[in-house]
Amino acid sequence: MNKEHDYKLNNYSSIGINPEVSLQMEQDNWGLLYNPANDSTMGINPESIFLWKQLETGTTIKHLTCKIKETYTGVPYDIEEKITEVINNFINGGFAIIQGEDNTEQRGEI
Amino acid sequence: MIETTSKAPEYILSQIYYYLTAGCNLACRHCWLSPRLQDSTHSYDVLPLNILKSTIEQAKPMGLTTVKLTGGEPLMHPHIHDILNFIREQGLILNLETNGVLCTSKEAAAIASCINPFVSVSLDGATIETHEKNRGIKGCFSKAIEGILNLVEVGIHPQIIMTLLPHNISEIEPLVHLAELIGADSVKFNIVQPTGRGRTLDSEGETLSIDRLLTLGKWITGTLSHSTPLILHFDVPSAFRSMSEIYGETGMGCSICSVTQIMGVLADGSYSFCGIGMHVPELVFGHAATDSLSDIWHHHPVLKELREGINTNFEGICGSCHMKRACAGYCIAQNYYRSRSLWKPFWFCEEAYKNGLFPPSRLLPGAITAQISNRKN
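In this report, the structure presented in the accompanying data block is examined. Each residue is numbered by its place in its chain's sequence as written, counting from 1. For naming, the first written chain is A and the first written ligand is 1, with later ones following in the order written. Predicted model: local features are reported for residues with pLDDT of at least 70 only, side-chain atom pairs are reported and counted for 80 or more only, and whole-chain, interface and lining totals are derived from all residues. Computation of side-chain values: all heavy atoms of the structure, hydrogens and water removed.

On to the interface of chain B and chain A, then. Between two residues, a contact is recorded if the distance between any of their heavy atoms is within 4.5 Å. If you look at the interface, chain B gives 17 residues, while chain A gives 20 residues. What gets called buried area is simply the loss in accessible area from a 1.4 Å probe that two parts show on being joined, summed for both. Of the roughly 1600 Å² buried where chain B meets chain A, counting both sides, 57% is carbon and sulfur surface. Salt bridges, as used here, are contacts in which a Lys or Arg side-chain nitrogen is within 4 Å of a carboxyl oxygen on Asp or Glu. If you look at where chain B meets chain A, you find 3 salt bridges. Between Arg-325 of chain B and Asp-39 of chain A there is a salt bridge whose closest N-O contact spans 3.6 Å. Helix and strand definitions here come from DSSP, where helices need a minimum of 4 consecutive H or I residues and strands a minimum of 2 consecutive E residues; each element is numbered from the N-terminal end. For the side of chain B that touches chain A, the secondary-structure elements that each account for two or more residues are strand E1 (2–3), helix H9 (243–247) and helix H13 (324–327) of chain B. Throughout this entry, Asp, Glu, Lys and Arg are counted as charged residues, while Ala, Val, Leu, Ile, Met, Phe, Trp, Tyr, Cys and Pro are counted as nonpolar. The remaining residues, Gly among them, count as polar. When grouped by side-chain class, the residues that make up the side of chain B that touches chain A number 6 nonpolar, 7 polar and 4 charged.

What follows is the structure, encoded as structure tokens:
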């Protein structure tokens, strides 16, 4: 759970990376996230690295879903759930944070 | 995506390793347990059947799901059929490590009657000369092959285990092809542990350098594995394996020391982490004939120290490795044997780090700089 705020993750939550976290890329295009605050490491596959890169500039689940559909072919029908699971793992490990609600998206302004 | 940080641990006793016989019918040069050679004139302790039964009965309510039978040589045990029957009746998964020599069709059928049997058979070469040079007994190669064929005949496709040594590495590829031919499922490549007879081999310079092992590993997993339908597993600490090899769709998981979930029972009935109690008396926790397994599991000071420190106390390179919680020192028993501390690093990782061969992406930030500085010096 996000420690600083009481936001709950939903499709319009604005999510960003924890700036203390580093991403170390490996030769097989997987990567390692490291959070020095809690000395925890997470191994992530290339698809999760793609999501992580989107988080670097702040985004929402809704936006990530669109981005994945634009970028990849054969995207599974339940992609939004899968993305939510990955993002929840990022947040629960302190790697990413919920910054607030993106009301512009909810109002359909993008 | 896999988080390598452990959650709040629950210490379930999921597996018991039974070292069924103190003797062995082979005399392998690298064996870390170094059992004595048993023949028609010499015989040694075997685990009493009633102790095996009583420990299984005690362990089931503690979460036991799997039993590993090893040795010495488990198939030498005079009550091996009763043991296999009991394991089956108790609904436990069987994991068997054997040299294959005594695996007749009768033994193979008894093994096959167990639940999900996983069997590994040692073959240290693709030829009689190479295998028997390492195993020390004439005739053991053809008997091991026969044993494997008996297993395949009853539907068990075993894992072949090859221990890598300077004299057998030219037979890695032929061994993989032999394994295919005789119906194995996978081949696992082990490095020699500098414990027991392995320690003697190491001190005599008859083991492979870290550099050579890493080069071989890269070739096995990166090239040879694409030329065979068999699964090839190069068994080194997780820091030296790619993330996709560990966690990918066909990944084999991390190589973690499972000491927090297992208990070893030696042939004399002693409890230990694993077989390490044969070498290190202070890692014998009690005796199955007199001590309650539950008491030992929950209250023995060494096990308590281990659980309290396993997420935080690793020292040296193990403390500076991203994979520390997915590896847990790789083999705490080996680490203790060498240093008399639970928290000292695994020798392979330590040597690799000193030689600038530790994968930089697996090092915590401070340790990367230190390794570069080591290499320059």
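Let us now look at the sheet that holds strand E8 (residues 159–163) of chain B. Residues and elements named next belong to chain B. Should DSSP find at least two bridges between two strands, the strands are taken to pair. One open sheet holds the 10 strands; their spatial order is E10-E9-E8-E7-E6-E5-E2-E11-E12-E13, and the pairing between them is mixed. At either margin of the open sheet sits one strand with a lone partner, and together these are strand E10 (231–234) and strand E13 (284–287). When strand polarity is set aside, the average angle formed by the axes of neighbouring strands in this sheet is 20°. In this analysis, axes come from line fits to C-alpha atoms, helices being fitted only over the stretch in contact, and the angle between any two N-to-C directions falls in the range 0 to 180 degrees.

The subject of this paragraph is the layout of surface pockets. The pocket and cavity definitions rest on a 1 Å grid over protein atoms only: a 1.4 Å probe that fits but cannot leave marks a cavity, an open set with protein on both sides within 12 Å along at least five of seven lines marks a pocket, and residues lining either have an atom within 4 Å of a point. Grid points are joined across faces, edges and corners, and a volume is the space filled by probe spheres set on the points. Space inside the second largest pocket adds up to approximately 1000 Å³. Forming the boundary of the second largest pocket are 33 residues, of which Thr-221, Phe-240, Arg-241, Ser-242 and Glu-245 of chain B lie nearest the centre. For the lining of the second largest pocket, the secondary structure elements donating two or more residues are strand E2 (22–25) of chain A together with helix H8 (210–222), E10 and H9 of chain B. Per element, the largest residue contribution to the lining of the second largest pocket is 6 residues, and it comes from H8 of chain B. Among the residues making up the lining of the second largest pocket, the classes are represented as 14 nonpolar, 12 polar and 7 charged.

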